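What follows is each chain in one-letter form.
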Amino acid sequence: MSFNDADTGSVKLTPDEAARILASPLPEAADARYAALQRQYEAARLLEDQPRLIATSRQLVDAGRGRPGGEEWIIAYLNAEFIWGSSGTALNACEPFIADARLSPGTRALVALRQTYFAAQGRDRVLLSRYWSRADELSKKAMKQAASMPVRLPVDRLQVRSEIERWEGDSAAAVATLREAIGVARRDLAAELARTGNQRAPAVLDAYNRLDGSLGMLTYALVRQGRAQEAIDVAQENLALWRAGKLNDVLGARWNYRLATSLISTQQYEAGLAAARLSDEMLQRAGSSAASHTRWLARQEMVRGLIGLKRWKEADESYREFLAVMPADVLARTRASDWRLLALLAAENGRYDEALELAERHYRYRTRLYGSRHPQTQEAAGVRAVVRLLHGDIKQAMSDYEALFAATLDNTAGWLDLDLRGVRGYVLGIAFDEFMRYVAERAVKGEAVDTALTDRALQIADRSNLSVTQRALTDSTARVLATTPALRTLLEAEQTQRQVVSTLFGKLNTTLTEEDRLRREGRADAFKALPESERKAHAERLKAVRDLIPIQQDEAVTARSALNTQREGIARQFPAYADLVTPATPRPEQLRRLLDPGEAMVVIYPTDTATLVWLLGAEGHNGFSASKLNRDDLKRRVAELRAMFDIGNAAPGSAPALQPALLYAFYRDLLAPLDASLRGVRSLIVATSGPLASLPLAALVTEPPSGNAAPAWLVRKMAVTQLPSPSSLLALRRVAQPQVAARPLLGFGDPLFKLASTAKGKAGKTGSTTATPPQSATLTTDATRYDAEWGFRYADMPPLPETRIELQAVAAALGADASKDLVLGADATRRAVINANLLDRRVVAFATHGLMPGQLPGISKPSLAMAANVDERESPLLELDDVLGLRLNAQWVLLSACNTAAGEQGGGAMSGLVRGFFFAGARSVLATHWAVESESAAALSTATLKAQANGAMSRSDSLRQAQVAMIDGQVGGGKWTHPFYWAPYALFGDPAR
């Protein structure tokens, strides 16, 4: 299907013919003029001449008055003006049409919806609420008149409703609404194609534009939910259509900036910047105005990409240039002008006076509006902190930073109140990065760093690790809420109260703005020349407004206090949910109190300039150091070491030789400065993310290699456990230990990915797989076909028959009944897991492929591949959402053959999956850093679980004992001494309790 060319009727226009049509004068006669304008509109659309498209559609609004179908040009004009011309002009143009009683109810409803959508792109919540109330009422009335209802009304209403849900902070509802809009738009498109039989007919193109708009909005909604990989897939799919010539350059430009948004949200800054630049160039060639919706979106992503790459000068120049060429369009300038970015970019480029003036002014205003302790005011203090820090005013900068830390580190609920327009991303990212840079630079130089600063830096490291998966986890709580009505009721009340608070502060903002206006009028020279009666009336208005301000301030503060009380109540009644959605960021002293004798936690956080390392222990095992290894150094070194370990897919003779000297060098550069504090530690808990999270630290060498002596593996000194973040320990240990489950095991494995088929090719009874494994066991994009609506068709996914043997060995080691406690083959479905009673099992095992975001098309959350379903519309993937809905009392969750510990870019996916199992009730998760060899895997997992089954040792010690036994040849007879066999196993979670 192609949506690349315009067509008038049954004759396809050529570019030359379109150019001649646009150059032809318009006839004087009304009917002939109307027909000519319609041809000019289609010609402008074919040539992608956006200025002419806007002008022609505006003429058609007048020419079409009173004609059949003539009112449709009103929406065409408004959309063209907003997308390609002036967004402010489009907003202002709506009101006269809505007020025009001569227009049909359907058209007035459509215009009201367009007006609401345009306003939703601005910042005036009060105005938006008023517009939506009217638009919703008009559209409901129009939709009751089915015979005369415009075909686009249902899609438009759903699109606008999703924007309102976005403003209300209900991202899950926004995504669901947009998916509904996409379904309606697809049905409309199919109906128009069936009616016209012409892929390039105007009605078909309009229907496709509605579908494209809904898909575009979905990409942004997915990014806000933390499902950026799914947004990337949607964008790439549409860009593939553009490259194939099935979409025109206008649509291609829009999908490029949508892709840029998705890439930058996953910190793929170079690729995102390239996509944004291509989009801007294409839009500029098409004549898109600097004040248009499209250019703003493209240039916004350019700036964000440059900021992510720390290319401050280019980011500053790009942003200032864009603002300079923007016309006097209030809505467009309001959207594009972000004072925080202006202040931060000015500071990063050495214009401190300009930056400080901006920061001071907005801090004072927010203090006046919200009070000094509101998160929005504290955020403004954080922006000022960066300016002062870059200027060298350290004392005042640290005072301001404390206000920001109060909002983001000490007040987890306050995190919800910060602006959604990127504050949690690049704005707060800059503030945190500059603080960490300051601490790292002093530490690397060997200068003394105040403990208060290193403690705050540890909290930032914790918060940064959490942020990688926080939105995805928040989005995945639907199943939790569905099974917890009391929690859902409390959260609905909290959301309602949040809206009340927002509305009250919005009214206060309006009143303060009015007070400022009246005060300025009273100071003007012209005011003095007014008659006394007018000056007196003005003074009375000013007094009334000033009298209203403290009343509204009290109302807003009281409402916010009630909101905080609600949030505290939710956290008390449902602490596990609070840990998942709004996790606390504990101070180091809180973490120390959680540790048992012999335990210590090491937190490792790489920055652009250094890697910071903290050691926290219960018995004086404390320390802080900074390695000169920066983030890029760490990534390169980890890749080298992993290649040395993971020799499973290497050709014979090509595997890199094991070099203990390199393993010692890495330990020396990273952990050796803390050696003295590590003495006596028997159990080391490692909290880190990113590339380092994919490296088994147990396989580091702690002493310089000596001759033919065996390497001094770290695992010989202590057990090693991993956590996604330091705060995960707080979530695991602040609740009482549950009673140990009575039954030993429930395992799911050797899932059947390919259903047996009948001769006609329809799904029949399930049986053994006939799929032929590819040469490599590595999953590739060829292994599946992704469908945006239903998920995966993955009949050719490599089968895992060896996992059946492994699970049977585990069952024997634990004394389980394999016939009753193992769910295998076609029975190992997602539905079987969801329906199982898991509360009475000490070990829950999944022996299957683990799928990470980005590993295959459409994977936006970590998932486990279960057996295929007869009903292809039901996904076979056990996703993070499903994990959060499980109820476990498991000491272990075993992810065998999963290769899940490696995670995806940034290491965040495993963090999300592990935290999901923690929330479901698991104490620990045992996964692997790379694909393991089957026989050794069965031997190590059974040895680990068997050693711990009698309760004689902790989980971390049982894994350590099994690994050391394999190194010493007691398990495997010496054939599995290479780290490839014993090192990939990562224990996530609580090592002992």
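All values reported here derive from a predicted model rather than from experimental measurement.

1. Some thoughts on the packing of helix H1 (residues 15–23) against helix H2 (residues 30–47)
Viewed as axis vectors pointing N to C, H1 and H2 meet at an angle of 135°, and their least axial separation amounts to 9 Å. The angle between H1 and H2 falls in the class oblique. For the element pair H1 and H2, the recorded crossing hand is left-handed. Contacts between H1 and H2 involve Pro15, Ala18, Ala19, Ile21 and Leu22 from the first element and Arg39, Gln40, Ala43, Ala44, Leu46 and Leu47 from the second.

2. Considerations on the nonpolar core
Here is a general trend for soluble globular proteins: nonpolar side chains tend to be buried in one another's company. If you look at the biggest cluster of nonpolar residues, it comprises 192 residues, and the most contacted ones within it are Tyr401, Phe435, Phe846 and Phe917. Non-local contacts of Phe435, meaning those with residues more than four positions away in its chain, are made with Leu389, Met398, Tyr401, Phe405, Leu453, Arg456, Ala457 and Ile460. Leu629, Leu671, Leu926 and Tyr985 belong to the second-largest nonpolar core, a separate cluster that totals 65 residues.

3. What to know about empty space enclosed by the protein
Using the criterion set out here, one finds three cavities of 30 Å³ or more in the structure. Reported here for the largest cavity is a volume of approximately 120 Å³. Elements that contribute at least two residues to the lining of the largest cavity include exactly strand S7 (719–723), helix H39 (955–967) and strand S18 (985–989). Taken together, the residues of the lining of the largest cavity sort by class into 12 nonpolar, four polar and one charged.

4. Regarding the pattern of salt bridges
Oppositely charged side chains are able to pair whenever their charged atoms sit close together. Under the counting rule described, the total for this entry stands at 72 salt bridges. A salt bridge links Arg195 to Glu192; the nearest nitrogen and oxygen atoms lie 2.7 Å apart. One end of the pair, Arg195, and the other, Glu192, are both in helix H9 (residues 171–196), three residues apart, so they sit about a helical turn from each other. The class of Glu192 is buried, set by a relative accessible area of 11%. Ionic pairing is found between Asp410 and Arg587, a salt bridge with its closest N-O pair at 3.5 Å. Linking Asp410 in helix H20 (residues 394–410) with Arg587 in the loop between helix H27 (575–581) and helix H28 (588–594), this pair joins segments that are 177 residues apart in sequence. Relative accessible area serves as the criterion here: at 37%, Arg587 is assigned to the partly exposed category. Salt bridges here are not isolated pairs; linked through shared partners, they connect Asp596, Glu599, Arg733, Arg923, Asp990 and Arg993.

5. Looking at the sheet that holds strand S14 (residues 863–865)
Sheet architecture is open: three strands sit in the order S13-S14-S15, paired in antiparallel fashion. Pairing within the sheet leaves two strands with one partner each, and these edge strands are strand S13 (850–851) and strand S15 (877–879). Bridge analysis of S14 against S15 gives three bridges, and the strand direction is antiparallel. Its bridge partner being in S15, Ser863 is matched across the sheet by Glu879.

Cut-offs used in this document
- Residues numbered from 1 in each chain as written.
- Predicted model: local features only at pLDDT ≥ 70, side-chain atom pairs only at ≥ 80, totals over all residues.
- Heavy atoms only, no water.
- Axes fitted to C-alpha atoms, helices over the stretch in contact; angles between N-to-C directions.
- Helix = DSSP H or I, 4+ residues; strand = E, 2+ residues; numbered from the N terminus.
- Parallel < 35°, antiparallel > 145°, perpendicular 65-115°, else oblique.
- Left-handed = near helix turned anticlockwise from the far one by under 90°.
- Contact = heavy atoms within 4.5 Å.
- Core = buried A, V, L, I, M, F, W, Y, C linked by side-chain atoms within 4.5 Å.
- Buried < 20%, exposed > 50% of the residue type's maximum accessible area, 1.4 Å probe, protein only.
- 1 Å grid on protein atoms, 1.4 Å probe; cavity = no way out; pocket = protein on both sides within 12 Å on 5 of 7 lines; lining within 4 Å.
- Points joined across faces, edges and corners; volume = space filled by probe spheres on them.
- Nonpolar A, V, L, I, M, F, W, Y, C, P; charged D, E, K, R; others polar.
- Salt bridge = Lys/Arg side-chain N within 4 Å of Asp/Glu carboxyl O.
- Pairing = 2+ DSSP bridges.

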